[in-house]
Each structure stands twice: as C-alpha cells, then as structure tokens.
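Okay, here's what each chain looks like letter by letter:
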Amino acid sequence: MKKKLRFSETLTVGCMLFGLFFGAGNLIFPVYMGQQAGANLWSAAIGFLITGVGIPLLGVAALGMSRSSGLLEMSGKVGKKYGMCFTCLLYLTIGPFFAIPRCASTSFSVGIRPMLQNEATARWLIWVFSFLFFVAVLWFSFRPGNILTWVGKILTPLFLIFLALVVIAALVSPMGTASSVQPEPAYQQHALFKGILEGYNTMDALASLAFGIVVVNTIRGLGIEEPAAIAGNTVRAGVWGCVIMAVIYVALTLIGAQSRAVYPVCADGGEALYYIALHYFHRTGTIILAAIVTLACLKTAVGLITSCGEMFTEMFPKGPRYKQWVVIFCLISFLIATMGLSTIISYSIPVLMLLYPLSVTLILLALCGKLFGNDRRVYAWTTGFTLIAALFDFLKSLPAGIIPAAALEHILHIGKTLLPFFEIGLGWVCPAVIGLVIGLILRCANRSKEAAKA
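Rules of the game
Once a new chain begins, its residue numbering starts again from 1 and follows that chain's sequence as written. With the structure being a predicted model, the display of local features is reserved for residues of pLDDT at least 70 and the display and counting of side-chain atom pairs for 80 or more, all residues being used for whole-chain, interface and lining totals. Hydrogen atoms and water are omitted, and side-chain values are computed over all heavy atoms in the structure. Helix and strand assignments follow DSSP, with helices taken as H or I runs no shorter than four residues and strands as E runs no shorter than two, numbered in order from the N terminus. The globule rule used here is 2.2 Å times the number of residues to the 0.38 power, and the radius of gyration it is set against is calculated over C-alpha atoms. Classification of residues uses two cut-offs on accessible area relative to the type maximum, computed with a 1.4 Å probe and protein chains only: under 20% is buried, over 50% is exposed, and between them is partly exposed. It only takes one pair of heavy atoms within 4.5 Å for two residues to be counted as in contact. What sets the accessible areas is the Shrake-Rupley method with a 1.4 Å probe; for residues, cover comes only from the shown protein chains. Convention adopted: a line fitted to C-alpha atoms gives each axis, helices being fitted over their contacting stretch, and angles between N-to-C directions are expressed from 0 to 180 degrees. Angular relationships are summarised with four words: roughly parallel below 35 degrees, roughly antiparallel beyond 145, roughly perpendicular across 65 to 115, and oblique for the angles in between. By definition, turning the near helix anticlockwise from the far helix through less than a right angle yields a left-handed crossing, and turning it clockwise yields a right-handed one. Any two of the Phe, Tyr and Trp rings considered here, Trp counted by its six-membered ring, make a pair once their centres fall within 6.5 Å; the pair's planes then place it as stacked at under 30 degrees, edge-to-face at over 60, or tilted in between. By definition here, charges over rings are those cases where NZ of Lys or CZ of Arg is within 6 Å of the ring centre and within 35 degrees of the ring normal. By the criterion applied in these results, polar contacts are pairs of N or O atoms within 3.5 Å in which, for protein atoms, one can donate a hydrogen and the other can accept it, and in which residues neighboring in sequence qualify only through two side-chain atoms. Throughout this description, the term nonpolar core refers to a set of buried Ala, Val, Leu, Ile, Met, Phe, Trp, Tyr and Cys residues connected via side-chain atoms within 4.5 Å. One less than the residue count of a helix, multiplied by 1.5 Å, gives the span that helix is expected to have. This arc is taken over the directions from the axis of the helix to the C-beta atoms. Patch construction takes residues with relative accessible area above 30% that form no salt bridge. Like charges are linked within 9 Å, and nonpolar side chains (Val, Leu, Ile, Met, Phe, Trp, Tyr) are linked within 5 Å. Criterion for a salt bridge: a side-chain nitrogen of Lys or Arg within 4 Å of a carboxyl oxygen of Asp or Glu. The angle between axes fitted to the seven-residue stretch ending at a residue and the seven-residue stretch beginning at it gives the bend at that residue.

**Q** Could you clarify how one ought to interpret the overall build of the chain in this entry?
**A** In terms of regular secondary structure, the chain is built from 17 helices and zero strands. Relative to a compact globule of 454 residues, whose C-alpha radius of gyration would be 22 Å, the chain shows 22 Å and is just as compact. C-alpha atoms of the chain, sized along the principal axes, occupy 80 × 55 × 40 Å. Buried positions account for 55% of the 454 residues belonging to the chain. In the chain, the proportion of contacts linking residues at least 24 apart, taken out of those at least 6 apart, comes to 82%. By element, 68% of the accessible surface of the chain is carried by carbon and sulfur atoms, the whole surface being about 19,000 Å².

See below:
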C-alpha cells in the first residue's frame, strides 16, 4: 500500500493548497501593512505570519492529524448544535457572504478600476466584470474532481509568474529604504500585535478548516489510504504551501514599506499595488497587475465555491444538490460583490473578530485532543469562554453607527475592565485559558469519581 507521496506530488498538492489560500486579501493586506509599518515592518510581518501562515498550517494539520472527516465532525466535539451553527457560519463567511465576493470586488478594484476615468462607467462595469468572473468560477466549480489540475497545475503557476515580475523588479531596484520610513501611529508601539490582527483579514485560518479536507481527499485520490499516512502527507503538503505563502507575504510587506520613499500611505493595499506596478512597468504594469489579481482571486474563489458546495451538500442531504448549491452561492456572491470592496471589508471585520478566536481554540484543541481524550467538557468550556470574550471584539468592530455611541462606550469599558489584552484585540486569550482549565478540572474530577466507584 502506498504510504508516501512522491516529491513532485507533494509539491503539486502544496501548490494547490497555496493556490486555494492565496487570494484577494493575501495580496492587498501585507502591502498596505508594510506601508503603515515602515521601519517596524519586521515586527508587523512576524505577527502577520502567525495568523496568516502559522494558524492556517495548524488548521490543515489538525484536520489531518485528528482524522476528522471535516469541520462539521471536528467542531461537533463541542456539541452537535454548535457544530452545525459554527460550520454554517464559517463556510458562509469564507464563502458567499464575504470572501468570495471580495475576490471579484478586489479583482475589479485593483485590476480594472484604476484604468477607468469615468465614475459612471465604473458603476455599471463592475456588474459586467462580476458577472463574467462568476461565470468562470461556475465553469471551474462544476468540475470539482479536476481542482488539483485547475488550481495546482494551471492557475497557480500562471499567477506566480506574473507576481514574480513585480516582486523581483521591486526587490532588485527598491524605491527606498524601509528603515528610514516613520511608522504610522498604530504601528509605533504594538506592531507585532497589529500584524496579528491584520493576519485575520486574510481569512486563511478559517479557510484552512475548509480546505484541509480538500487536501485530505486529494491525497486519498493519489493512492494514500492509511489514516496515519494521510495525516503525515497532509502536514508535508501544508508545509510547502505555507512556506510559499510566507515568502510572498514578507516580500510584499517589504515592497510596501519601501514604496513609502516615493508614495504616501495609500487608501488601501490595492491602490498601493497599482502604484508599485505603475512605477516599475508604466502602463504595462497595470495589465500585469490585472492578471495577477484576477488569477489570484479566481483560483481562490473556485476553491471556496467548491468547498462550500460540497459541505452544504453533506450537511443538508435532503436539500439542493452540489451543482445547485454552486449556482446559489455564485448568485449571492455576484450580488454582494457589486457593493464594492470597502463595504465588504468593513462588514467582514466584526465577523472575523468573532470567528477567529473560536477557530484558533478549536484547532489547538483538535491538535492536543489525545492529551485529554477529546473530552467534550474541555471543548465546551474552552469554546464557551472564548465565545463570550469574542462577542466583545465583535461588537467593538462593527461599522460606525450600528451601535449607539453611549452603548458602544459602555461595551468598551466592560471589555477593558474585565478582559486583559482587550485593547490590542486579544481579549479572548485569558478567558480561553480559564475555560480550558475549568474543563480539565472537571475531566479530572469525573475520572476520580469513576475510579472511586470502581
């Protein structure tokens, strides 16, 4: 029985995983972070890599090593109802509500919008572009069995070729020295923690819980059947995919910081990328950038639509079939994409502040599950305390005007008073540890009672 993938197969699966992960936010957020961090870019980059690379790698490993059939089974260890709710919310977040529309919107905003002078033209052209984008996504997603070929062997290599043109040009002939750039206020004292929060925006920790099973199924399709061998090969492929991501993240952050020698801080990472491409390749740079962004977002959207379609087909066996789910998700994504990139980002941040802590604790519990026998009490208490704290971060991050100012001030006061690290966005850490300790104590107490009865 085959137990180990060949190096070429491992590399291809790793490229597929990278291709699934690396989409809209992965391009725009590190460049923008670099512009703001300036001389503190390395601290910010380390923080970004923790949540943008480290946690996603652990998520892929958790699904492989826990031998779960998917996120529904893994999150179901907290409780069946929680598992259903968490799985639906996570897939809708990385799917038709936020991540997939952001792919189309980013492609237009970064690759097409800068070329347009007329605002009225841009308003109707985004509908045309989004429609064509999702027609392409629909075509690829109707063939989920070929995802390794589409993403791992075609779209990802093309994307890397175009991206390499810009990255190599910027590194060989930098615009300036990053160490001479004054950091923006948010990055002057807490650059590491700010980088950690910026890593949330990639949504990759959430996506790892969806894409992990895609990797597992791909490895099975390559002839690996034994669970332990699947786990090992999943981790190895995940390492390759995440190494590629880490290298590109660091390069983009550095390029963003260096661009401050010529350009001021831009409105977002998309605008920064546009000016960087224009600086090195003039008008040809806009075409190269359009190809980079569209390929990056297209391959990620295909992976997300495929994952969402398969998961909802599994969760609701009496509901729509896979192709019907794909059509539904493409339609929803198309409509939301036309709202614009800034709107999508502003509403996605609160949801990410809620889901990320829950995802991180679930991943860590799954990885360490054997140490406490995957006891449901440990899962439930840790998750419960994390959820309560994460709700404060959710409310704090809502767009202005949704919560009355007086109520928001009261919420912030409670958060600062009760939750250590609340002001830097990590108020959930201590409650999660408390919940873990309570769960472990209850497990030990129950085992002592059972031993006494015996």
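**Q** Before we go on, may I ask you to explain the packing of helix H5 (residues 80-97) against helix H14 (residues 341-367) in this structure?
**A** The contact between H5 and H14 brings their axes to 11 Å, and the two run at 125°. As far as their axial angle goes, H14 and H5 are oblique. Considering how the two elements wind past one another, H5 and H14 form a crossing that is left-handed. In this structure, H5 contributes Tyr82, Phe86, Leu89, Leu90 and Thr93 to the contact, and H14 contributes Val351, Leu352, Leu355, Leu358, Ser359 and Leu362.

**Q** Help me understand the packing of aromatic side chains in this model?
**A** Tallying each qualifying case throughout the model produces 19 aromatic pairs. Measuring from centroid to centroid gives 5.4 Å for tryptophan 325 and phenylalanine 329, while their planes differ by 25°, and the two rings are stacked. One end of the pair, tryptophan 325, and the other, phenylalanine 329, are both in helix H13 (residues 322-337), four residues apart, so they sit about a helical turn from each other. Like phenylalanine 329, tryptophan 325 is buried. An aromatic cluster of at least three residues, connected via ring pairs, comprises Phe108, Phe129, Phe133 and Phe134. For the cation-ring pair, lysine 323 lies above phenylalanine 142, with the distance from its terminal atom to the ring centre recorded as 5.2 Å. Cation over ring: lysine 396 sits above phenylalanine 422, and NZ or CZ is 4.4 Å from the ring centre.

**Q** Could you clarify how one ought to interpret the side chain of threonine 106 in this entry?
**A** As for its placement among the helices and strands, threonine 106 is situated in helix H6 (residues 99-112). On the basis of relative accessible area, threonine 106 is assigned to the buried category, the value being 1%. One polar contact links the side chain of threonine 106 to the main-chain carbonyl oxygen of arginine 102, over a distance of 2.7 Å.

**Q** What should I look at first to understand the nonpolar core in this one?
**A** The nonpolar side chains of a soluble globular protein tend to be buried, and buried together. Formed by 144 residues in total, the largest nonpolar core has its most connected members in Phe22, Leu27, Phe133, Phe134 and Phe159. Among the elements that make up this core, the one with the highest residue count is helix H12 (residues 269-315) (22 residues). Other than its neighbours up to four places away in sequence, phenylalanine 134 contacts Ile100, Pro101, Ala104, Cys330, Ser333, Phe334 and Ala337.

**Q** Honestly, H13 in this entry has me stumped. Any pointers?
**A** Along an α-helix, a turn takes 3.6 residues, which lines up residues three or four apart on a common side. Taking 1.5 Å of rise per residue, the 16 residues of H13 would be expected to cover 22 Å, and the 22 Å separating its terminal C-alpha atoms lies within 8% of that figure. For H13, the full list of buried residues reads Tyr322, Trp325, Val326, Phe329, Cys330, Ser333, Phe334, Ile336 and Ala337. Along the axis of H13, the buried positions cluster into a sector of 165°, meaning they face one direction only. Close packing links the buried residues of H13 with H5, H6, helix H7 (119-141), H12 and H14.

**Q** Could you clarify how one ought to interpret a nonpolar patch on the surface in this entry?
**A** A grouping of Trp124, Val128, Phe131, Leu132 and Val135 is seen on the molecular surface, where their side chains present a nonpolar patch of about 500 Å² in accessible area. With a relative accessible area of 37%, valine 128 lands in the partly exposed category.

**Q** Looking at this model, I keep getting lost on helix H3 (residues 41-65). Mind explaining?
**A** In this model, H3 (25 residues) spans 34 Å end to end at C-alpha, consistent with the 36 Å of a helix rising 1.5 Å per residue. The largest bend along H3 measures about 35° and falls at leucine 49. Just past H3, the residue arginine 67 takes up positive phi, approximately 60°.

Geometric descriptors of this kind do not, in isolation, establish any biological role.
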